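Listed below, chain by chain, are the residues.
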Amino acid sequence: MLNTRLPNSIFFALVALGAVQLSYYAPRIPEILGSHFSGGGFVNGWQTKAAFFGTELAMIILATVVSFGIPRIIAAAPVALINLPHKEYWLAPEQREGTLVYIRVWSAWFGCGLLTFLLFAMELVFRANLHTPPQFNNAAFIPALLVFVAFDTMLVLRLILYFSRTPAR
């Protein structure tokens, strides 16, 4: 049986890690920091510390909405508004709860991947701003981006394959 306990626990641990990250770097970075970097890792955009932390908070909220809000919206939506292969089967009363559990678990794992990547990117930005001039570590970012894309591709393929299979009759 699918269970959201593990991905939910990981997600909330990541949120706590984000809070620790923010509290650690807040006193260490400058009031105006590099927030956007060129392909070579050089700063080409600046933000105030407050705006940057607001952006980080907004990203954590976005990941939370993706992980927990979207499955609730799907569960509350009328069947006619849900786009799902074989939805007459997957959303029938005897299958509906199992389908919604699958979507909740899938979304929680997706949110974990998204939040992990966002926190890692923020870590690289924080570290870049500890130096003068700031220098972003593309050598660490590119592999992280590739892992994130691979993880999400695997999740999306699993979702597609799960719901595209012909239901047992």
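Residues numbered from 1 in each chain as written. Predicted model: local features only at pLDDT ≥ 70, side-chain atom pairs only at ≥ 80, totals over all residues. Heavy atoms only, no water.

J.: Looking at this structure, how should I read the pairing of strand β1 (residues 32-37)?
T.: If a strand is regular, its side chains alternate between the two faces of the sheet. The pairing of β1 with strand β2 (residues 43-48) spans 5 bridges and is classified as antiparallel. Considered in β2, the bridge of F37 is made with V43. Between β1 and β2, which pair antiparallel in sequence order, lie 5 residues; one of them, G41, sits at a positive phi of approximately 90 degrees. (Pairing = 2+ DSSP bridges. Helix = DSSP H or I, 4+ residues; strand = E, 2+ residues; numbered from the N terminus.)

J.: I'm lost on the pattern of salt bridges in this one. Help?
T.: Taken as a whole and judged by the stated rule, the model has 3 salt bridges. Among the salt bridges present, the one from R104 reaches E97, with a minimum N-O distance of 3.0 Å. For E97, a relative accessible area of 49% translates into the label partly exposed. Note that E123 and R127 form a salt bridge whose closest N and O atoms lie 2.8 Å from each other. Of this pair, E123 and R127 both sit in helix α4 (residues 93-128), separated by 4 residues, roughly a single helical turn. (Salt bridge = Lys/Arg side-chain N within 4 Å of Asp/Glu carboxyl O. Buried < 20%, exposed > 50% of the residue type's maximum accessible area, 1.4 Å probe, protein only.)

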